[in-house]
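These are the residues of each chain, in order.
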Amino acid sequence: MKSSANHQRKNLLNLSGATARLELKRFLKKLIQGLALPLVVIVLWEILSDLGRLNAYLLPPPTLIVDRLMTTLGNGELLKHLGASLSRVVYGFSIALCMALPLGFLLGLVPGVRNLLSPTLSFLQQIPAIAWIPMFILWLGIDEASKIAIIVYSAFFPIFLNTLYGIASTDPKLKEVAYTYGLSRWGLITRVYLPSAAPSVFVGMRLGLSFSWRSLVAAELLGASKGIGYLIQEGREMAQPDLMMVGVFFIGLTGLLLDFIFCHLENRFLPWQEKVTTQEVTE
Amino acid sequence: MTSFLKIKGITKQFKLGNGQIQVLEDICFEVASGELICLIGSSGCGKTTLLRIIAGLEKQTTGQIILDDNVVAAAGRERGMVFQEPRLFPWLTLEENVAFGIKGKVNKTILQRTVQDLLAMVGLSDFAKAWPHQLSGGMAQRAAIARALATDPQILLLDEPFTALDTSTRSKLQTDFLRLWQSTHKTCIHVTHDLDEALILGQRVIVMQPSPGRIREIVTVPFSYPRCPENPDFIALKKRILDSSVSSTEIQI
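Each value, and the rule that gives it
- Residues numbered from 1 in each chain as written.
- Chains lettered and ligands numbered in written order.
- Predicted model: local features only at pLDDT ≥ 70, side-chain atom pairs only at ≥ 80, totals over all residues.
- Heavy atoms only, no water.
- Buried < 20%, exposed > 50% of the residue type's maximum accessible area, 1.4 Å probe, protein only.
- Helix = DSSP H or I, 4+ residues; strand = E, 2+ residues; numbered from the N terminus.
- Contact = heavy atoms within 4.5 Å.
- Polar contact = N/O pair within 3.5 Å; in protein donor to acceptor, adjacent residues only side chain to side chain.
- Expected span 1.5 Å × (residues − 1).
- Arc of directions from axis to C-beta.
- Pairing = 2+ DSSP bridges.
- Axes fitted to C-alpha atoms, helices over the stretch in contact; angles between N-to-C directions.
- 1 Å grid on protein atoms, 1.4 Å probe; cavity = no way out; pocket = protein on both sides within 12 Å on 5 of 7 lines; lining within 4 Å.
- Points joined across faces, edges and corners; volume = space filled by probe spheres on them.
- Nonpolar A, V, L, I, M, F, W, Y, C, P; charged D, E, K, R; others polar.
- Lys, Arg positive; Asp, Glu negative; His and termini not counted.
- Salt bridge = Lys/Arg side-chain N within 4 Å of Asp/Glu carboxyl O.
- Buried area = accessible area lost by both parts, 1.4 Å probe.

Trainee: Help me understand helix H7 (residues 172–180) of chain A in this model?
Mentor: Structurally, the α-helix is built with 3.6 residues per turn, so residues lying three or four positions apart point the same way. Turning to H7 of chain A, its buried residues number three or more, namely Leu174, Glu176, Val177, Ala178 and Thr180 of chain A. The secondary structure elements touched by the buried residues of H7 of chain A are helix H8 (185–222) of chain A together with helix H1 (47–55), strand E6 (79–82) and helix H4 (137–149) of chain B. N-cap assignment for H7 of chain A: the residue whose side-chain oxygen lies 2.9 Å from the backbone N of Lys173 of chain A is Asp171 of chain A. Taken from the residues just after H7 of chain A, Gly182 of chain A is the one with a positive phi, measuring 65°.

Trainee: What should I look at first to understand helix H7 (residues 232–244) of chain B in this one?
Mentor: Residue and element names in this part refer to chain B. Along its 13 residues, H7 runs 18 Å from first to last C-alpha, staying within 8% of the 18 Å computed at 1.5 Å per residue. Of the residues making up H7, those classed as buried are Phe234, Leu237, Lys238, Ile241 and Leu242. The buried residues of H7 all sit within an arc of 135° when viewed along its axis, so they share a single face. The exposed set on the far side of H7, more than 90 degrees from its buried face, consists of Pro232 and Asp243. Turning to H7, the residues buried within the fold contact helix H6 (195–201), strand E9 (204–209) and strand E10 (214–220). Where H7 begins, the capping side chain belongs to Asn231, and its oxygen is found 2.8 Å from the backbone nitrogen of Asp233.

Trainee: Explain the sheet that holds strand E8 (residues 187–192) of chain B to me, please; I cannot follow it from the model alone.
Mentor: The strands that make up a sheet pair up through hydrogen bonds in the backbone, lying either parallel or antiparallel. Residues and elements named next belong to chain B. The six strands lie next to each other as E6-E7-E8-E3-E9-E10, forming an open sheet whose pairing is mixed. Of all the strands in the sheet, the pair left with one neighbour each is E6 and E10. Each strand axis lies, on average, 20° off the axis of its neighbour in the sheet, ignoring direction. Across five bridges, the pairing between strand E3 (residues 36–40) and E8 is parallel. The residue of E8 that forms the bridge with Cys38 is His190. Seen against the sheet, H4 touches E6 and strand E7 (155–159) and runs at an angle of roughly 170° to E6.

Trainee: Looking at this model, I keep getting lost on the pairing of strand E2 (residues 19–32) of chain B. Mind explaining?
Mentor: Successive residues of a regular strand alternate their side chains across the two faces of the sheet. All names here are of chain B. In this structure, strand E1 (residues 3–16) lies alongside E2, joined through ten bridges in antiparallel fashion. Bridge assignment links Lys15 to a residue of E2, and that residue is Gln20. Here E1 hands over to E2 after two residues, with Gly17 in that stretch at a positive phi of 60°.

Trainee: Quick question: what am I supposed to make of unusual backbone geometry here?
Mentor: Excluding glycine, residues mostly carry a negative phi; peptide bonds, for their part, are mostly trans. Residues and elements named next belong to chain B. For the peptide bond that leads from Tyr225 to Pro226, omega is -10°, which places it in the cis range. Checked against the element boundaries, Pro226 lands in the loop between E10 and H7. Despite not being glycine, Asp69 has its phi angle at roughly 70°, a positive value. Inspection of the secondary structure assignment puts Asp69 in the loop between strand E4 (62–67) and strand E5 (70–71).

Trainee: Please explain the environment of Pro195 of chain A as it appears in this structure.
Mentor: With respect to the secondary-structure elements, Pro195 of chain A resides in helix H8. For Pro195 of chain A and Val217 of chain A, which are 22 residues apart along the polypeptide, the C-alpha to C-alpha distance reads 34 Å. Beyond its immediate stretch of four places on either side in the chain, Pro195 of chain A contacts Ile189, Thr190 and Trp272 of chain A together with Trp91 of chain B.

Trainee: Explanation requested: the layout of surface pockets in the structure shown.
Mentor: In this approach the atoms are scanned with a rolling probe the size of a water molecule, which exposes any empty space left behind. Estimated volume of the second largest pocket: approximately 490 Å³. Every residue lining the second largest pocket is counted, 22 residues in all, and those nearest its centre are Glu95, Glu96, Ala99, Lys103 and Leu111 of chain B. Secondary-structure elements contributing two or more residues to the lining of the second largest pocket are H8 of chain A together with helix H2 (94–99) and helix H3 (108–121) of chain B. Among the elements that make up the lining of the second largest pocket, the one with the highest residue count is H3 of chain B (six residues). Among the residues forming the lining of the second largest pocket, the class breakdown is ten nonpolar, six polar and six charged.

Trainee: What exactly am I supposed to notice about the side chain of Arg147 of chain B here?
Mentor: Structurally, Arg147 of chain B can be placed in helix H4. Buried charge Arg147 of chain B goes without a salt bridge, the closest partner of opposite sign being Glu85 of chain B at 8.5 Å. From its side chain, Arg147 of chain B meets the backbone oxygen of Arg87 of chain B in a polar contact 2.8 Å long. Leave out the neighbours within four places in its chain, and Arg147 of chain B touches Val177 and Tyr181 of chain A together with Pro86, Arg87, Leu88, Phe89, Asn97, Val98 and Phe100 of chain B.

Trainee: Can you help me understand the interface of chain A and chain B in this one?
Mentor: Many descriptions give the size of an interface as the accessible area lost when the pieces come together. The interface of chain A with chain B comprises 24 residues on the first partner and 33 residues on the second. Both faces considered, chain A and chain B share a buried interface measuring about 2,700 Å² in area, 65% of it formed by carbon and sulfur atoms. Our enumeration of links across chain A and chain B arrives at three salt bridges. Note that Lys173 of chain A and Glu85 of chain B form a salt bridge whose closest N and O atoms lie 3.6 Å from each other. The tally of links between chain A and chain B comes to six residue pairs in polar contact (both at pLDDT 80 or more). Contributions of two or more residues to the side of chain A that touches chain B are made by helix H1 (2–50), H7 and H8 of chain A. Of all the elements, H7 of chain A adds the most residues to the side of chain A that touches chain B, at seven residues. The class makeup of the residues in the side of chain A that touches chain B is 13 nonpolar, six polar and five charged.

If you want it as structure tokens, here you go:
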């Protein structure tokens, strides 16, 4: 047994060194694969624009958009709007977390409360945040409060529902193990329910962030003096499609970056999760 | 022989629709301190239910379980349980899993020493920092045994712990388990449906039969350890137990 154990340990150690290299290689490969399609589209787009096949007003060529991007970046305008949008997200998302996490835990742990609240919450969940924008403006004014309310509303449900699901789906077999050690109710919550729900909570936070980012831009389109949504609106009013495209492009890019950061946090805080190595079969 | 664990007239009924199912009927036996008992029977004979009642995970309908002069009413740390699946906490490393039952109950030095000793005992010292999903089935089950021993329980309850393993891993774990029992002299109740396993491990084998679950016979195994399943006496005893069953299909070999 001893020798086989040693052998297996060596495999395990070798694995960690090799995994790092393999991971970098896989990451680069994924990056190249992921960028291939956008690059092809952009090159085609540019060529067709240069040939005069595309209406430059309806669809400005990539070079023009990049020009505009550089000037808005250069004069700090883009970063100002981006900063405004991001700070709204930070506020709204934090408030949503403070509401959704405790409520999700509570409803996951106490099924009685679930029956009381879930019909109402299911009803509210059906209403998209954007539908609330006019009402929120009426109640909270055109300023920051209404926009933050939109973010809270959008982020709340994914975080809440995934937390609830994570807690409620805690493996009864593991609860039984904890039970044989005579754990208290509190011990059971902190040492079994919470760690077991953590991956779901992370999924909820990622979704919530993505949802809130999207609806924020919608809120900014309807009435704001700064923010990425406002930038797009400005582009429309001044008939500058390249500016609109810069705004749209930045929404996607920022969303992608936020999600990327969250993925990394998840890998860092939940190292125990079995990595689903979706390495494709090549050849 | 002083009895350490007394099982007194345990019955168990489950409600099923409007009717009731008698799962266990008048189970009585006693276990001496340090004894290794195997509980065997086909599936549906209630052997797992009986073990879960002893563990305090299920309530008997009538009867009493007395462990070291205390009546067993609920699950407790003095009874260590090993399940059919390893049931390791996936978010804890192997050493954290083993430490689960004693964390916060003993000081850090003792905790570390206990965990190290237990991991060494089950041959997993090199894997202290590994995550459960990195282990093979046999390693995970050995870790589960170490975790159950961490609280230094008065009795170790094992519910078909080797059933899910392949044949060679199973026989290796049987040998390891026997050595572990010989060095710790823990009182053990080992549930299995494998008659070979029961006769390899048990000082006594309690044979159960189904509908309703009851004890057919209690066999004292006369062979010394380590036992060889190819030994003619071993085969004769196995045949005797099989023949005495109403139909030989009751126990899978």
